[in-house]
Amino acid sequence: MKEEFTSLLIKWYEQNARRLPWRGLSDPYAIWVSEIMLQQTRVDTVIPYFLRWMERFPTISALDTAREEDVLRIWEGLGYYSRARSMHKTAHLLVNEHGGQLPRDFTILKSLPGIGPYTAAAIASIAFGYDHAVVDGNVKRVLARLLPYTKAVNTPAAEKDLREIAQNLLPSGNAGDYNQALMELGALICLPRSPKCVDCPVSALCAALREGRQAELPVMKEKSAIPHITVTAGILHDNGKVLIARRPENGLLGGMWEFPGGKVEPGESHEQALARELEEELGIVTTAGDLLGKYNHAYTHFRVTLFAYHTRITAGEPNPLQASETRWVEINQLGAFPMGKIDRMISRDLVKAGETNG
């Protein structure tokens with residue numbers, strides 16, 4: 001089946017592959033950037049980010065010399081900000097230890113910050129032509145239906161199994177097209193729901209289609225319920241400026257700027273939680289005023305509802321007791337600071353409110 005499968009797959013890919021700004025490039029750096037951005041993000045979303053990134057940081061050397069704040073600002077909106085920080089860190093290593101180039105050695109590649117087996121295989125196969133198979137969610141779905149593979153695919157054991165299967169099917173010397181073709185088939189034809197089996201180039205070889213099991217496969221291990229937390233944030237004002245704090249490098253949204261506040265604990269009112277959090281974070285006594293807005297956002301493992309209040313300092317001066325730094329900023333300058341989704345929504349509402357009042 002291997003020869004027939006890969007022949008049909010690659011022929012289909014050559015005729016139907018989408019034109020994407022990173023396709024057809026031989027630059028390992030551009031391929032690295034695209035693969036990191038594409039992890040758990042839709043292609044249509046990635047395209048403008050990729051273009052802006054490559055315009056701002058066209059080479060590894062340019063990324064190496066950039067400020068982290070600029071890197072995070074360009075990345076803002078893609079989420080998973082640790083990936084951008086890892087790329088920045090890797091750029092430093094590449095300039096200092098590898099002549100400013102991504103190494104061709106697969107073992108060294110996958111040891112670099114933020115580059116695991118998947119990304120290393122993608123770079124090695126697409127940029128360097130090495131015979132390494134990649135396995136993402138699209139590939140897992142295609143292989144699970146093709147074989148069929150009836151175990152839950154979202155487990156470490158399945159990851160290992162399917163990587164071996166993908167490697168065994170790989171046509172020697174054509175790994176780049178093969179990997180991209182498998183991912184493209186999953187993205188365009190072998191869809192999670194309502195797969196387009198009529199248009200599939202390998203439908204004659206598909207066990208799931210033959211057995212009428214497309215809707216059953218791939219099997220997924222049930223995930224636990226996603227928790228929901230309530231958070232408050234304080235909009236502290238001083239002569240037309242507002243206070244923002246930079247989160248510590250380690251942890252969620254590391255290095256990003258935010259409006260200070262925190263989680264509402266059981267039994268607390270919003271006002272009590274905000275006063276406690278601001279005292280713990282900044283060493284100040286405060287009083288919550290009018291509500292600016294209510295904001296919802298879903299992260300990978302939890303959901304947040306945040307209530308942002310205009311807040312008055314009644315005692316003390318803000319000090320970054322938990323943040324890496326704080327800064328008073330003109331409202332119309334907030335756009336220059338990298339922020340997570342909710343804090344960006346707050347900053348935009350503040351700008352709009354200022355325009356309205358002006």
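Parameters and conventions
Within every chain, residues take consecutive numbers counted from 1 along the sequence as written. Where totals are concerned, whole chains, interfaces and linings use all residues; where local detail is concerned, this predicted model gives features only for residues with pLDDT of at least 70, and gives and counts side-chain atom pairs only at 80 or more. Side-chain metrics in this entry use all non-hydrogen atoms of the structure; hydrogen atoms and water are not considered. Put simply, DSSP marks the helices as runs of H or I at least four residues long and the strands as runs of E at least two long, and each gets a number from the N terminus on. Partly exposed residues are those whose accessible area sits between 20% and 50% of the maximum for their type, while under 20% is buried and over 50% is exposed, using a 1.4 Å probe and protein chains only. Pairs of residues are marked as contacts when any of their non-hydrogen atoms sit within 4.5 Å. Polar contact is defined as a pair of N or O atoms within 3.5 Å, subject to the rule that within protein one atom must be able to donate a hydrogen and the other to accept it, and that residues adjacent in sequence are counted only when both atoms are side-chain atoms. Note on ring pairs: Phe, Tyr and Trp rings are taken, using the six-membered ring of Trp, and paired if centres are within 6.5 Å. Classes follow the plane angle, with under 30 degrees stacked, over 60 edge-to-face and the rest tilted. Geometrically, a charge over a ring is one whose NZ (Lys) or CZ (Arg) sits within 6 Å of the ring centre while staying within 35 degrees of the ring normal. Residues enter a nonpolar core if they are buried and are Ala, Val, Leu, Ile, Met, Phe, Trp, Tyr or Cys, with the set joined through side-chain atoms within 4.5 Å. To get an axis, a line is fitted to the C-alpha atoms, and for a helix only the part in contact is used. The angle between two axes follows their N-to-C directions and goes from 0 to 180 degrees. Crossing chirality is assigned from the near helix's rotation relative to the far helix, an anticlockwise turn below a right angle marking it left-handed and a clockwise turn marking it right-handed. Residues are sorted three ways: Asp, Glu, Lys and Arg are charged, Ala, Val, Leu, Ile, Met, Phe, Trp, Tyr, Cys and Pro are nonpolar, and all the rest, Gly among them, are polar. The predictor's confidence in any single residue is recorded as pLDDT, a number from 0 to 100. For a helix, the expected span equals 1.5 Å multiplied by the residue count minus one. Note on pairing: DSSP must find at least two bridges between two strands before they are called paired.

### Describing the side chain of His 88
For His 88, the position within the fold is in helix α6 (residues 81-97). For His 88, a relative accessible area of 6% translates into the label buried. Excluding its chain neighbours within four sequence positions, the residues that come into contact with His 88 are Leu 63, Asp 64, Ala 66, Arg 67, Glu 68 and Val 71.

### Let's talk about the side chain of Arg 23
Along the chain, Arg 23 turns up in the loop between α1 (2-16) and α2 (28-38). Assessed through its relative accessible area of 18%, Arg 23 is described here as buried. Side-chain polar atoms of Arg 23 contact the side chain of Gln 180, separated by 3.3 Å.

### Side note on the packing of aromatic side chains
Following the criterion strictly, the structure yields seven aromatic pairs and no others. On the basis of an interplanar angle of 75° and a centroid distance of 5.4 Å, the ring pair of Trp 257 and Phe 337 is categorised as edge-to-face. Linking Trp 257 in strand β3 (residues 257-258) with Phe 337 in the loop between β7 (325-330) and α14 (341-357), this pair joins segments that are 80 residues apart in sequence. Phe 337 matches Trp 257 in its accessibility class, with the two residues each being buried. Taking the ring centre of Tyr 49 as reference, the NZ or CZ of Arg 52 above it sits at 4.7 Å. Here Arg 83 stacks its cationic end above the ring of Tyr 80, 4.1 Å away from the centre of that ring.

### Remarks on the nonpolar core
General note: in soluble globular proteins, nonpolar side chains tend to be found buried as a group. In this structure, Trp 32 and Trp 53 are the most contacted members of the largest nonpolar core, which totals 75 residues. Trp 32 has contacts with Ile 60, Leu 63, Met 87, Thr 90, Ala 91, Leu 94, Leu 102, Ile 115, Thr 119 and Ile 123, leaving out every residue within four places of it along the chain. Counting residues in hydrophobic clusters, the runner-up holds 19 residues, among them Phe 259, Tyr 295, Ile 342 and Ile 346.

### Some words on the packing of α2 against helix α8 (residues 117-126)
Pairs of packed helices are described in terms of their axes, by the angle between the two and the distance that separates them. The N-to-C vectors of α2 and α8 enclose an angle of 145°; their axes lie 10 Å apart at closest approach. Helix-helix and strand crossings are classified by hand; for α2 and α8 the assignment is right-handed. Contacts between α2 and α8 involve Ile 31, Trp 32, Glu 35 and Ile 36 from the first element and Tyr 118, Thr 119, Ala 122, Ile 123 and Ile 126 from the second. Looking at the contact of α2 with α8 residue by residue, the classes come out as seven nonpolar, one polar and one charged.

### Thoughts on the confidence of the model for the protein
For any part of a model where pLDDT is low, the fine detail of the predicted coordinates should not be relied upon. Chain-level statistics for the protein give a pLDDT mean of 95 and a share of 99% at 70 or above. When pLDDT is averaged over each helix and strand of the protein, the minimum, 87, is found for α14 and the maximum, 98, for helix α4 (residues 60-65).

### With respect to helix α3 (residues 43-56)
With 14 residues, α3 should reach 20 Å at 1.5 Å per residue; the first-to-last C-alpha distance of 20 Å fits that figure. Buried residues along α3 sit against α2, α4, α5 (68-75) and α6.

### Here we look at the pairing of strand β5 (residues 285-298)
Note: β5 against strand β6 (residues 303-315), eleven bridges, orientation antiparallel. Considered in β6, the bridge of Thr 286 is made with Ile 313. Here β5 hands over to β6 after four residues, the two strands then running antiparallel side by side.

### Some words on α8
The element α8 is largely enclosed, with a buried count of nine among its ten residues. For α8, the set of buried residues is Tyr 118, Thr 119, Ala 120, Ala 121, Ala 122, Ile 123, Ala 124, Ser 125 and Ile 126. If you follow the buried residues of α8, they end up packed against α2, α7 (106-109) and α11 (175-188).

### Comments concerning the pairing of strand β2 (residues 241-246)
In terms of burial, β2 is a largely internal element, five of the six residues being buried. Here two bridges tie strand β1 (residues 228-238) to β2, and the two strands are oriented antiparallel to one another. In the strand pairing of β2, His 237 is matched with Val 242. Counting the residues that bridge the hairpin from β1 to β2 gives two residues, and of these Asn 239 lies at a positive phi of roughly 50°. Across six bridges, β2 lies against β7 in antiparallel orientation. Bridge pairing in β7 places Lys 241 opposite Glu 330.

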